[in-house]
Structure formats: structure tokens, C-alpha cells
Amino acid sequence: MSTDTSTALTERTAPGTAAPTLVVRDLVVGLRPQRHEPPDALPLVRGVDLTVRPGQSVGLVGESGSGKTLTALAVAGLLPAAVHVQGGTVDVAGREVLGLPEREARAHLSGHLGVVFQNPTPSLNPRLRIRTQLRDALPAGTARRDAADRAAELVRLVGIDDVDKTLAAFPHELSGGLNQRVVIAIALARSPQLLIADEPTTALDVSVQAQVLDLIDDLRARLGLGVLLVSHDIGVIADRTEHVHVMSGGVVVESGPTHDVLADPQHEYTRRLLAAVPSRLTRTPVAVAADESPQLVVRDLRRSFAVRGPGGRVRHAALDGVDLTVARGQALGIVGESGSGKTTLARIVTGLETADHGSVEFEGTDLRAQNRGQRRDWRRHVQYVFQDPYASLDPRLTVAQTLREPLELNHVDLPRGGVDRRVDELLDEVELPRAFRHRRPDELSGGQRQRVGIARALASEPTLVVADEPVSALDLSVQARILALLARLRAERGLTYLFISHDLGVVRFLCDDVVVLRHGRVVERGRTEAVLEDPQHPYTRALVDAVPGRAFA
Amino acid sequence: MALLDARPAAPPTLTALVAWLRGLRLPLSPRYLGGRLLTGLVAVWGAVTLVFFALYSTGNPALLLVAPDAPPEEAERLTRLMGFDRPVPEQYVTFLGQVLRGNFPDSIRYGADPVPIALERLGASLELGAVGLTLGVLVGGTIGYLSATGRSVWTRRVPLSIAVALDGIPTFFFGILATLVLAVWLGWLPATGSTGPLGLVLPGLTLAVAFVPAVARVFRTALVDVLHADHVRTARATGIGRGRLLRRHVVGNSLGTTLNVVGIQAGVLLGGAVVTESIFGWPGIGQLSINAVQNRDYPLVIVCVLVIAVGFVLINLLVDVLAAVIEPRLRS
């Protein structure tokens, strides 16, 4: 391990700048060599340099597998057991931590660095009250009496008003946004100088995301924290960081002041990444015949679920009177935050769920009044593309078997060779190599799986495709390619889309019209451009304002 | 169950009682517990009914009571006397009445009320079961803990391998082997037939061996899952020591699944420790039920089934309460 910290030292003592809280030089992270295997050829992170000064926010952006999270975990000393630091230096608050005995390193890091993770609720111990977890996080040797005061103070510091209720709660009784504030409070409990935030808002709704990021910004300014913000979201990076490092394939390909890097990317990869941002994708307009009869009519749809709350079971209205009309060939976007009822709507339209009240008409016939033939047609014509490409394919079936199933069900007359030919055509259509037909889902990447999911939907020759967040689990560049594929399929096949997304940029790219849902009600609807440019309802306005990276887009 | 049985000396009114129960801050709502108890009662009824019809379908027990060379009239007289000639539904209703009143016909073999006989044996079974379960949970838990958190490959692999190997050894063989070594060769412990505390060791150990692998494996899996949980990483980031981290955040959070397995095993113990009881001549309820079945002592069989079924339900209820103590998410 190199002990050469001369560069770090000169930087720290450079006139006019405060001593940096974090200096990383030439960091190399790789898999721990297994006894029976030859050492892995290439480390997972190679030669990363980073500097974070007090009060400064530094971004680390990249796609999955780029090494950004490993870099952050290596700095925090929290790498998973199979991975270890192979070289470089990590200087936290003026002290080199690599090479220190484990206990000493842990003690130094926990005193000077706080960490915030992606999934707030699982990041808290489900068995312990917030009060206990906060007290545990206080520096060792805090007196009992002081601990109670300090815990309450921390909860107030992260902007939670109802201090007593929060302290007495278990994590599962709080929302994701509140839990993330608690995780931040735990990170701040030992008055650190550096905050490492690894995708801190990826699991949260846009409006909550904005609040949590505001909080981090505010703490940075007030406490002079250095912040290392790891994110895949260019918008978040654009809004919240001064300096950015773009990572790809384990190396930093470009770094510099955020504004400069995003405005004038030098590296080929950065350019490709920025071009994949949905709001920057160029869309090809699709002409829809306006006089077409509506394909799908939804009237006064209501659905409620029994939810167990603190006061016993309560009915929660997921859909509270929704009306929709979708014309043939139209692409309608449905946006809303979690709990707005958008997924319930999709499930009812596709028949996976039944409504308590109201009607769904497909091609002029109420779903409940269909005869057998109409029902069969409806099943064939309406197809679903799911959010999670990992969970929505049967892991035991090959791609060909997955695609063959709907073909054999809906086209009984197809000869055997015909089925195989259709499978090949479908693979062509979703731009997958034909050789993939023999692969199983675990041999495919997320984007490839989603292509299989789309091919499966296309297999029964649908006219209406209901897509529930089909790209939200994918990397930016993959997302851009899937969106392009969806746009092309729509133009070629004249498909109708009911496209559900929390991402306004994605909806703007794919959909002509948009419906904004909130608490199971439609709060606004209209042409996508009009609604997003000039929102009328205060909720839509808040939603549009909360989207990060507006200046950048 | 102490939580439920403890009552205030004299509750003035029902509302006061309800308020007092609330004051206990039971981890589970009384309504939930009541529901579970009701389900349990249905299970007991189902078990008893099954046994009634199974016994009925195997023939007339009166025939066994008369001497082989007795005249057929004698058998007929007994059949009528004991009500075995009545229609089945009528017999069933009579039988349910007996169960509800706790008033059973005398045991055919012992010629006495079967309830005290079964309860006495239940005590012996519980004693043996408690020792076996405690030993099994302690040893299995330790092995699971070592195999999940051990620092060297040896601590992680060796104890677990031994436990898995034990799983392949039949109970009777281990029991005999243990008796041979510890009682016959070394003479440290009494071999069979003793009811003193020392006499508990061998049968308890034999019984424990049956639990150790299951407990070890389940506990290990739970620990490994929790070790990779996000909240453990959060706790590590706060600089918490390894021992405290494991105790507070890993072991505590792994107890839930293990508890369920232990609960099922404990229920099985009530009536299923027959092999161990036979080897060591332990007068438990398992042995009693087998003998009762062999003797076609139908009142005793019914009572044994009833006692075991009620015990099963109570143990499950206790497990539910303990699970809610461990896991706050179950409380709502």
C-alpha cells in the first residue's frame, strides 16, 4: 500500500482553501482473491482520485457497475466481505485510514464520517425504536441524560417536527422520507465532517427527494459538512454538486466543476450518458387519427384496500373516481407519486384486479359484459409490460419458451415451425440476437430482460400495451434504448400505450397526452407539453418543480 | 401464558378489567390472541373427531374386553352396556358431551379415570421435553452462531458438519450408543428407569440430538441473512463494536424464524418422543398413547390426543406472543 500522500499534503496546505475532509488518491478496489481461483485480472475500481472540502458537495455519477458505490463504500470502510481495497490512499479529516488496524480505522471513520444509504427503511433496524437507534449512534461515553436530549436535538436538526412521536416509533411505522431523515440523523450523531450519501433519494418520490436533498444542502451549509453524493441521476448531480466525477467501468473518465462537465463534456462516455437523459431525447411525433372511436373508456373507477394502521384497519382508497378515455393509437402517460393509484389503475384495466365501483370498457364493451369470444380477444389485445425485468420473467424458462407460451395460447393454428419463426421475428423486433432464444433470464442483463418482456407482450399481437414503469429499474443509457424501442414499436404497429411512470422526462418523450393522478383522483390532464410547461393544478406544479436538473435539461 | 392468567384480585367492573389489560401493554392485542385461541380450539375439535372416527372404523372395542372363550351373549351385553350399538352420530354426540364435560369413561386397561393418568404422564413428558429442548436450542444455537459468524473456516464449517452428520443417525441408535458409553462403560449416569435429575440427562441428550441440526441450520441461515441486511451496515458505520453489533443487531433480529422452528419442534415433542421414552423407560405421554392404542383402550387414547392437541395449541400461542415480543412489525 502506498504511503505517498505528498499530493494530498500540498493540497491540504494550499493557500486560500480549507483543508479537505476527504482526499482519495489512486484508489484500487478488487475482489478478494479466492484460494482456488487465479487472481482476477482487473480490479473493480482502478485509480480513483477524489477531493472533498468542508462545505463542498462532490458528485460521483455513473451507471450500475461503474464502481461508484464501491468507491464510496471503500472510503467509508464498509466494503462487502468479498471485496477489498488493493491500493491507494484514503485520507479522512487529515488522517490516512488505509493501513490502520481495523478497530482504529473504524473508530476514526465513525467519528469523522457519516453514511446515508439508498433504501431508508431497510437501513434501520426493524426491531428497535428510533430513540434507541439514535442513542446507539451517539459517540461512546455519552451520558444517559445527555443522550435523550441529543437524540431529540438530532431529530429536530433533520427537520422532523413531531419529535416525541418519531422517537417512540419503529421504522415500519414511518414513511420512507422520514426514515431517510432518521438515517441522516444517525449519520450526524457523531458530528462528522464528511457525509457520504449513496443514492440517498433513489427510492423516494420526487417531492420527498427534493426535501431530503434540500436538507442535505442545508446541513452542508450550516455545519460545513463535506458531501460526497453518489447518484445515477444526472439531474440530482446537476442541481446539488459543485464538482463531479463521471465513472465508467471502474475508472473516473472525466471530472471537473459540475457545470462545465455537463455543459461541455469532453469524454465520449459522458457525452453518451448525457444524450441518454430522457428530456434530451429527440422524439418523433406519431400522428393519431383524431376521429377514431375510443379504444378504452374508464368511468368513475373506485377501488379501496384495507390497510392496517396504528388505529386498526382502515380503508385506503387507491382509486377514488377516475375517468379516462384512450383513443386508438394514443400514447397516454399516467404520472403520480407512490400511493397515487397508478398501478392499481393499470391492474384493473388489464384485469389483474377488479374494481369496487365503476366500469372499464374495451372496444365499446364493458369488461363485465363480455362474452367468451370478446373476453378472449380482450386478453389477447391488452398486454402488460412490468416494472421489474428481474422478477417478471420465469427464471426456469428459456427466452424461446417464454415467448412461445402466448403464441401457442393465442395462435393455436400456427404450425410448430411457424411458432419458431414467430419467436425469431419477435427477437428481431425487440433487437435481440436470435441466438438469445436458448438463454435463461439469469444470463441476460436488465435491459435485455425488459426486451424479452416487451417481446412477450407483443407475441399475442396486442393493440393496447399497458406499461407500468417499464424503464425505471434500468440504467440511463439502457433506458434510452428501451424508450426508443417502445417509440418505434408504437409507430410501426400503431399501438395504443397506457404508460405509467413517475419520471416526467420519460413521459414527455413517449406520450402525447398525460394524466396526473394524486390520491386516486385525476388532478390534471391534457397534452403532455402543455401540462408540463404550464401546469394548472398546484400539485402538478409542485411535481414539475421537484424534478431535479431542470436547469440542466 | 402467565401474562393472560394473572388477573387483578377483584376487578370491580368489566371496563376496569379492560383498562387493566390495556395497562399490561401486551405485545399482541387481546383480540388477536382470542382469535388464535379460537382457531386452536377448532384444531383440537378436529383432532379429537378424527380420532373418534378412526377408532370407530377399526371395530368394536367391547370384543376385546371379553375373554376369548366367553359366550357371544356376553360380548353383546357389553357392547350394549357401553353404547357401541347406537348409531354413529348418536355415539359422536355423546362423545362430544363427554369431552366438553371432561367426564370420560374409565380407562379399560387401568379401570380408572383416564384424565389424571394422562396428566401425570404429561408432566413427565414436559420435564423430558424441556430438558431436551433447552439442550437442543443451546447446542444448535451455538453451532448456528459459530457457523455464521466464525472468523476461521474451521469454526464455520466443522461444528455444522458434525450437526448435519448427527441428523443422519437414528434416535434409537444414538440413545443406545450414549447409554453404552456414558452409563455402561463410564458409569457416570444411570442407564434407564431413573426419574431423578441425573436420570434426565441421557434421555434429554438423546432428544436434543434430534433438534440440534434443525435449530443450527435455521439459525445460521437467519444470521447470514441479517448479516447482509442494510441496517447492519448502518450500525457498522456508527462504529459499534463487533460483539455489540452481533448481539444487538444480528442475533436479536435472527430469533424470529428460529423461534418458529423451535415452536414446531416443541409441539412435536409432546407426543412424538416415543422412541426416546421407550429406550429409557421414561413414563411419558407418548409411550402411554402407543400402549393405549395397542390395547384399544379408547377412552385413554382420546384423552391422550386431547391433552397433546391442547398442549400443541398452547405452545403455538406462546410462540406467537414471543414472536411479537421479538418482532415489533407483528404487533399491529
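Residues numbered from 1 in each chain as written. Chains lettered and ligands numbered in written order. Predicted model: local features only at pLDDT ≥ 70, side-chain atom pairs only at ≥ 80, totals over all residues. Heavy atoms only, no water.

In the annotation of an unreviewed UniProt entry, chain B is listed under the name Glutathione ABC transporter permease and assigned to Cellulomonas chitinilytica. For chain B, the Subcellular location (unreviewed entry) comment in UniProt is given as "Cell membrane". Recorded in UniProt under Sequence similarities (unreviewed entry), the annotation for chain B is "Belongs to the binding-protein-dependent transport system permease family." (UniProt positions renumbered as here; feature names shortened; annotations may be inferred.)

In the annotation of an unreviewed UniProt entry, the entry for chain A reads Peptide ABC transporter ATP-binding protein, and the organism field reads Cellulomonas chitinilytica. The Sequence similarities (unreviewed entry) field of the UniProt record for chain A holds the comment "Belongs to the ABC transporter superfamily."

**Student:** Before we go on, may I ask you to explain the overall build of chain B in this structure?
**Tutor:** Across its full length, chain B carries 15 helices and zero strands. For chain B, with 332 residues in total, the buried portion stands at 40%. Restricting to contacts in chain B with at least 6 residues of sequence separation, those with at least 24 account for 70%. Mean positive and mean negative side-chain charge positions of chain B (25 and 18 charges, respectively) differ by 22 Å. (Helix = DSSP H or I, 4+ residues; strand = E, 2+ residues; numbered from the N terminus. Buried < 20%, exposed > 50% of the residue type's maximum accessible area, 1.4 Å probe, protein only. Contact = heavy atoms within 4.5 Å. Lys, Arg positive; Asp, Glu negative; His and termini not counted. Charge placed at Lys NZ, Arg CZ, Asp CG, Glu CD.)

**Student:** Even after reading the chapter, I still don't get the sheet that holds strand β16 (residues 382-385) of chain A, so can you show me in this structure?
**Tutor:** Residues and elements named next belong to chain A. Read from one edge to the other, the open sheet built from six strands follows the order β16-β17-β18-β13-β19-β20, with strand pairing classed as mixed. In this open sheet, the two edge strands, each paired with only one partner strand, are β16 and β20 (521-527). When the angles between neighbouring strand axes are averaged without regard to direction, this sheet yields 15°. Relative to the sheet, helix α17 (residues 476-493) contacts β13 (331-335) and β18 (496-501), its axis offset from that of β18 by approximately 155°. Across the sheet, helix α20 (residues 538-546) touches β19 (513-518) and β20, and the angle it forms with β19 is around 105°. (Pairing = 2+ DSSP bridges. Axes fitted to C-alpha atoms, helices over the stretch in contact; angles between N-to-C directions.)

**Student:** Sorry, what's going on with the nonpolar core here?
**Tutor:** All names here are of chain A. In this structure, I234, I454, L483, Y497, F499 and L510 are the most contacted members of the largest nonpolar core, which totals 67 residues. A domain-level breakdown of this core finds at least three residues from each of domain 1 (6-118 + 192-275) and domain 2 (294-546). Within the second largest apolar cluster, 37 residues are counted, among which are L124, L174, A187 and V236. (Core = buried A, V, L, I, M, F, W, Y, C linked by side-chain atoms within 4.5 Å. Domains from an automatic or database assignment.)

**Student:** Explain the pairing of strand β1 (residues 22-31) of chain A to me, please; I cannot follow it from the model alone.
**Tutor:** In summary, the side chains of a regular strand alternate between the two faces of the sheet. All names here are of chain A. The buried fraction of β1 is high, at eight of ten residues. Where β1 meets strand β2 (residues 45-52), five bridges bridge the pair, whose relative direction is antiparallel. Across the sheet, residue L27 finds its bridge partner in β2, namely V48.

**Student:** Help me out: how do you make sense of the pairing of strand β17 (residues 464-468) of chain A in this one?
**Tutor:** All names here are of chain A. Within β17, five of the five residues are buried, which leaves it mostly tucked inside the rest of the structure. Residues L464, V466 and D468 point to one face of β17 and V465 and A467 to the other, with burial holding for every one of them. Alignment of β16 against β17, held across four bridges, turns out to be parallel. Bridging across to β17, Q383 finds its partner in V465. In this sheet, β18 lies alongside β17 in parallel orientation, the contact comprising five bridges.

**Student:** Even after reading the chapter, I still don't get the interface of chain B and chain A, so can you show me in this structure?
**Tutor:** Interfaces are often sized by the amount of accessible area the parts lose when they come together. Contact residues are listed per partner, giving 21 residues for chain B and 26 residues for chain A. At the boundary of chain B with chain A, total buried surface from both sides reaches about 2100 Å², with 53% on carbon and sulfur atoms. Here chain B is connected to chain A by two salt bridges. Along the contact surface separating chain B from chain A lie eleven residue pairs in polar contact (both at pLDDT 80 or more). Here the element with the most residues in the side of chain B that touches chain A is helix α11 (residues 230-237) of chain B; it accounts for six residues. Here the residues of the side of chain B that touches chain A are counted per class, giving four nonpolar, eight polar and nine charged. (Buried area = accessible area lost by both parts, 1.4 Å probe. Salt bridge = Lys/Arg side-chain N within 4 Å of Asp/Glu carboxyl O. Polar contact = N/O pair within 3.5 Å; in protein donor to acceptor, adjacent residues only side chain to side chain. Nonpolar A, V, L, I, M, F, W, Y, C, P; charged D, E, K, R; others polar.)

**Student:** Is there a simple way to think about the UniProt feature "transmembrane region" (unreviewed entry) in chain B in this case?
**Tutor:** Taking the numbering used here, the UniProt-annotated feature "transmembrane region" (unreviewed entry) corresponds to residues 37-56, 128-148, 160-188, 200-219 and 300-326 of chain B. For residues 160-188 of chain B, the end-to-end C-alpha separation is 28 Å, with 79% helix and 0% strand making up the annotated structure.

**Student:** Please clarify how the packing of helix α8 (residues 153-167) of chain B against helix α10 (residues 201-227) of chain B should be interpreted in this entry.
**Tutor:** Residues and elements named next belong to chain B. Relative orientation of the contacting elements α8 and α10 amounts to 135°, with a least axis distance of 8 Å. Between α8 and α10, the angle falls in the class oblique. With respect to the hand of their crossing, α8 and α10 are arranged in left-handed fashion. Of the residues in α10, those in contact with L160, A163, V164, L166 and D167 of α8 are V209, V212, P213, A216, R217 and R220. Split by residue class, the contact of α8 with α10 holds eight nonpolar, no polar and three charged. (Parallel < 35°, antiparallel > 145°, perpendicular 65-115°, else oblique. Left-handed = near helix turned anticlockwise from the far one by under 90°.)

**Student:** Sorry if this is basic, but what is going on with helix α4 (residues 130-137) of chain A here?
**Tutor:** Side chains that are three or four residues apart share a direction in an α-helix, a result of its 3.6 residues per turn. Residue and element names in this part refer to chain A. Taken as a whole, α4 has its buried residues at I130, Q133, L134 and A137. Angularly, the buried residues of α4 cover 100° about the axis, an arc narrow enough to put them on a single face. As for α4, its buried residues are in contact with α5 (144-157), α6 (163-168) and α7 (176-188). (Arc of directions from axis to C-beta.)

**Student:** Could you clarify how one ought to interpret a nonpolar patch on the surface in this entry?
**Tutor:** All names here are of chain B. On the surface, I169, F172, F173, I176, L177, L180, V181, V184, W185, L186, W188 and V275 cluster together into a nonpolar patch covering about 1200 Å² of accessible area. Here the nonpolar patch gets eight residues from one element, more than from any other, and that element is helix α9 (residues 171-185). Counting through the fold element by element, L177 comes out in helix α9. For L177, a relative accessible area of 39% puts it in the partly exposed group. (Patch = residues over 30% accessible without salt bridge, like charges linked within 9 Å, V, L, I, M, F, W, Y side chains within 5 Å. Areas by Shrake-Rupley, 256 points an atom, 1.4 Å probe, with all protein chains shown as cover.)

**Student:** Is there a simple way to explain the domain arrangement of chain A in this structure?
**Tutor:** Residues and elements named next belong to chain A. Partitioning chain A into domains gives domain 1 (6-118 + 192-275) and domain 2 (294-546). On a C-alpha basis, the centres of domain 1 and domain 2 stand 37 Å from each other. For the domain 1 and domain 2 pair, buried surface summed over both sides reaches about 830 Å², with 48% attributable to carbon and sulfur atoms. Among the residues domain 1 hides against domain 2, the three largest losses belong to E63, D205 and V206. Together they make up 56% of the total. In this structure, the connection of domain 1 to domain 2 is made through zero salt bridges. At the boundary of domain 1 and domain 2, one finds five residue pairs in polar contact (both at pLDDT 80 or more). Here the element with the most residues in the side of domain 1 that touches domain 2 is helix α8 (residues 206-223); it accounts for four residues. When the residues that make up the side of domain 1 that touches domain 2 are grouped by side-chain class, the tally is five nonpolar, three polar and two charged.

**Student:** How should I be thinking about the pattern of salt bridges in this particular structure?
**Tutor:** A side chain with one charge may pair with a side chain of the opposite charge, provided their charged atoms come close. Residue and element names in this part refer to chain A. Scanning all chains against the criterion turns up 41 salt bridges over all chains. The partner of E431 in a salt bridge is R488, and the shortest N-O contact between them spans 2.1 Å. One end of the pair, E431, is in the loop between α15 (416-429) and α16 (446-459); the other, R488, is in helix α17, with 57 residues separating them in the sequence. Here E533 ties to R508 by a salt bridge, and the two come within 3.0 Å at their closest N and O atoms. A residue pair is termed long-range when its members are at least 10 positions apart, and E533 in helix α19 (residues 528-533) and R508 in helix α18 (residues 504-510) qualify at 25 residues. Salt bridges here are not isolated pairs; linked through shared partners, they connect R404, D420, D424, D428, R434 and R437.

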